[in-house]
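One-letter residues, chain by chain:
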Amino acid sequence: MVDLAQNDATPADRGSETTLQDAARLYLGAQDSGVYASNATHILERWIGWAEDRGVRNIDEVSKRLLTNYATRLRRRTESNAIAASTAQNYFDVVAGLLTYAARRDWLQSNPARTEAAENELPAVDDGGRTTQQFWSPATREEIVRWADWRAEDALDHDWMDGEAAVRDRALVAIFAYSGVRGSEVVRDPRDDRRDGLNWDNVDFDGAKLEVYGKGMKTQHAPFPERARRFVRAHKRRQNPPDESWPVFRTRHLPTLYGGLPDDVEGVTPANVLDLYREHEITPPTLSTSGARSIIEALCEESGIREDGEKLRPHGARRGLGDTLYRRNPELAQQALRHQSIDVTNESYRHVQTGEVSEGIDDVLE
């Protein structure tokens, strides 16, 4: 079996002739999230073994046909009830992430996973209703914020984890919980160079708004209620950025931080890496979307908090807030979620309307 954890040799970038195993090791080493890298390792090990059984050894040999066949395999495993459709989609997305990385390093001309033929072979994942998408309930929203708040205060008081990290995590949870933002609007999306996350100059405490790169590839203003602002203020005081260009949520992944410094900077250690960024007036890299997901997952692991038995996901916060607002005021939900029209909001929360119609029928028939 392929073992990507073997570290007897440094992964080699041989251009298009880079082996699948070296490509995967380089890709995993570039990830912000240790949790993501750990999970992705097992998926990529199995995929590489499967690809090598079909004569594919190097990254430049990965073809559209190979990925279409892989998608077909995943669909058949779903049809035999070996895995869920959502698991199949996750496996395919991890492999696609590696191939996006390969295309960016010019090992491939394009990502062979992102073709109509391959994606049409994947099993359908039902994403249309309240029961198939995660919504943070009001109770769950308050529980995870309270847990993150307790964790931050206890870390500061008893020094059992890095206080700055705990305060950052609390601020991240609060922004997801109360502002209705998408993850790729506040942290870095590795799939899109234009989405590099919030900097402090995007945060308007007085105006209660966040300037984000929204859907439709345009700048938008997201709401920034006081419930989130107070935790973000505390985070800024603790981070103490030298200027407003620093990211609100910087990465703490040391290889990524080391890689962001010029090659001629010597003597870099975990203790001085941020001082070197300040000394050289360089902005550190932003936390990635996978890193943000891993933070939420870690909080769920520590606290036992779940939504319908599943760990919380950042986008569930946006859906849950929209659900709460829609039940009170559909127009407020539209504005908070920055939907172009109320029709989009109505479609997103059709389950609320259906439930109200059902209640109306019951009332009439009583």
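About the thresholds
- Residues numbered from 1 in each chain as written.
- Predicted model: local features only at pLDDT ≥ 70, side-chain atom pairs only at ≥ 80, totals over all residues.
- Heavy atoms only, no water.
- Helix = DSSP H or I, 4+ residues; strand = E, 2+ residues; numbered from the N terminus.
- Buried < 20%, exposed > 50% of the residue type's maximum accessible area, 1.4 Å probe, protein only.
- Contact = heavy atoms within 4.5 Å.
- Areas by Shrake-Rupley, 256 points an atom, 1.4 Å probe, with all protein chains shown as cover.
- Salt bridge = Lys/Arg side-chain N within 4 Å of Asp/Glu carboxyl O.
- Core = buried A, V, L, I, M, F, W, Y, C linked by side-chain atoms within 4.5 Å.
- Axes fitted to C-alpha atoms, helices over the stretch in contact; angles between N-to-C directions.
- Parallel < 35°, antiparallel > 145°, perpendicular 65-115°, else oblique.
- Nonpolar A, V, L, I, M, F, W, Y, C, P; charged D, E, K, R; others polar.
- Pairing = 2+ DSSP bridges.

Visitor: How should the overall build of the protein be read in this particular structure?
Guide: Scanning the protein from N- to C-terminus turns up 16 helices and three strands. In the protein, buried positions account for 48% of the 366 residues. Partitioning the contacts of the protein with sequence separation of at least 6, the portion at a separation of at least 24 is 62%. Counting every atom, the protein has about 18,700 Å² of accessible surface; 44% of that belongs to carbon and sulfur.

Visitor: What is the right way to read the pattern of salt bridges from this model?
Guide: A side chain with one charge can pair with a side chain of the opposite charge if their charged atoms come near. Enumeration over the complete set of coordinates arrives at 25 salt bridges. Across the pair Arg 114 and Glu 119 runs a salt bridge whose closest N-O atoms are separated by 3.1 Å. Owing to a relative accessible area of 38%, Glu 119 belongs among the partly exposed residues under this scheme. Through salt bridges with shared partners, a single network forms among Arg 151, Arg 168, Asp 169 and Glu 302.

Visitor: Sorry if this is basic, but what is going on with the nonpolar core here?
Guide: Side chains of nonpolar character tend, in soluble globular proteins, to be buried together. Grouped together as the largest cluster of nonpolar side chains are 46 residues, with contacts concentrated most on Ile 144, Leu 172, Ile 175, Phe 176, Leu 210, Phe 224 and Phe 249. Those elements giving two or more residues to this core turn out to be helix H6 (138-158), helix H7 (163-179), strand E2 (209-214), helix H9 (226-239), helix H11 (273-279) and helix H12 (289-303). For this core, the element with the most residues is H7, which contributes eight residues. Once residues lying within four places of it in the same chain are set aside, the contact partners of Leu 172 are Val 187, Phe 249, Leu 287, Ala 292 and Ile 295.

Visitor: Could you clarify how one ought to interpret the packing of helix H13 (residues 314-328) against helix H14 (residues 330-337) in this entry?
Guide: The angle between the axes and the distance between the axes are what describe a pair of packed helices. The N-to-C vectors of H13 and H14 enclose an angle of 150°; their axes lie 6 Å apart at closest approach. The angle between the axes of H13 and H14 places the two elements in the roughly antiparallel class. Each of Arg 318, Gly 322, Leu 325, Tyr 326 and Arg 328 in H13 lies in contact with H14, whose residues at this interface are Pro 330, Leu 332, Ala 333, Ala 336 and Leu 337. The residue inventory of the contact of H13 with H14, partitioned by class, reads seven nonpolar, one polar and two charged.

Visitor: Looking at this structure, how should I read the environment of Arg 151?
Guide: The topology assignment puts Arg 151 in helix H6. Arg 151 sits 16 residues away from Val 167 along the chain, and the two C-alpha atoms are 8.4 Å apart. In this structure Arg 151 touches Trp 160, Met 161, Ala 166, Asp 169, Leu 299 and Glu 302, once residues within four positions along its chain are discounted.

Visitor: Help me understand the packing of H7 against H13 in this model?
Guide: Two elements in contact, H7 and H13, have axes separated by 7 Å at closest approach and are oriented at 35°. The segment H7 lies against H13, with Phe 176, Ala 177, Tyr 178 and Ser 179 engaging Pro 314, Ala 317, Arg 318 and Leu 321. Considered class by class, the residues forming the contact of H7 with H13 number six nonpolar, one polar and one charged.

Visitor: What is the right way to look at the pairing of E2 in this model?
Guide: Within a regular strand, the side chains alternate between the two sheet faces. Side chains of E2 alternate between two faces, with Leu 210, Val 212 and Gly 214 buried and Lys 209, Glu 211 and Tyr 213 left unburied. In this structure, strand E1 (residues 203-204) lies alongside E2, joined through two bridges in antiparallel fashion. When the sheet's bridge partners are listed, Asp 204 is paired in E2 with Lys 209. Linkage of E1 to E2, two consecutive antiparallel strands, is achieved through a turn of four residues, within which Ala 208 is found at a positive phi near 55°. Where E2 meets strand E3 (residues 218-223), six bridges bridge the pair, whose relative direction is antiparallel. Bridge pairing in E3 links Gly 214 to Lys 218.

Visitor: For this particular structure, what's the right way to read the sheet that holds E2?
Guide: One key point about sheets: their strands pair by backbone hydrogen bonds, in either a parallel or an antiparallel sense. One open sheet holds the three strands; their spatial order is E1-E2-E3, and the pairing between them is antiparallel. Sheet topology places E1 and E3 at the edges, where each strand pairs with a single neighbour.

Visitor: I would appreciate a short explanation of unusual backbone geometry in the present structure.
Guide: Among all residues except glycine, the phi angle is most often negative; among peptide bonds, the trans geometry is most common. Positioned with a positive phi, Asp 159 is a non-glycine residue whose angle comes to about 60°. Looking at where Asp 159 falls in the secondary structure, it is placed in the loop between H6 and H7. Phi is positive for Arg 338, close to 60°, though the residue is something other than glycine. Turning to its location among the elements, Arg 338 is positioned in the loop between H14 and helix H15 (342-348). Take Arg 338: its relative accessible area is 12%, and that puts it in the buried class.

Coordinates in, geometry out; function isn't part of it.
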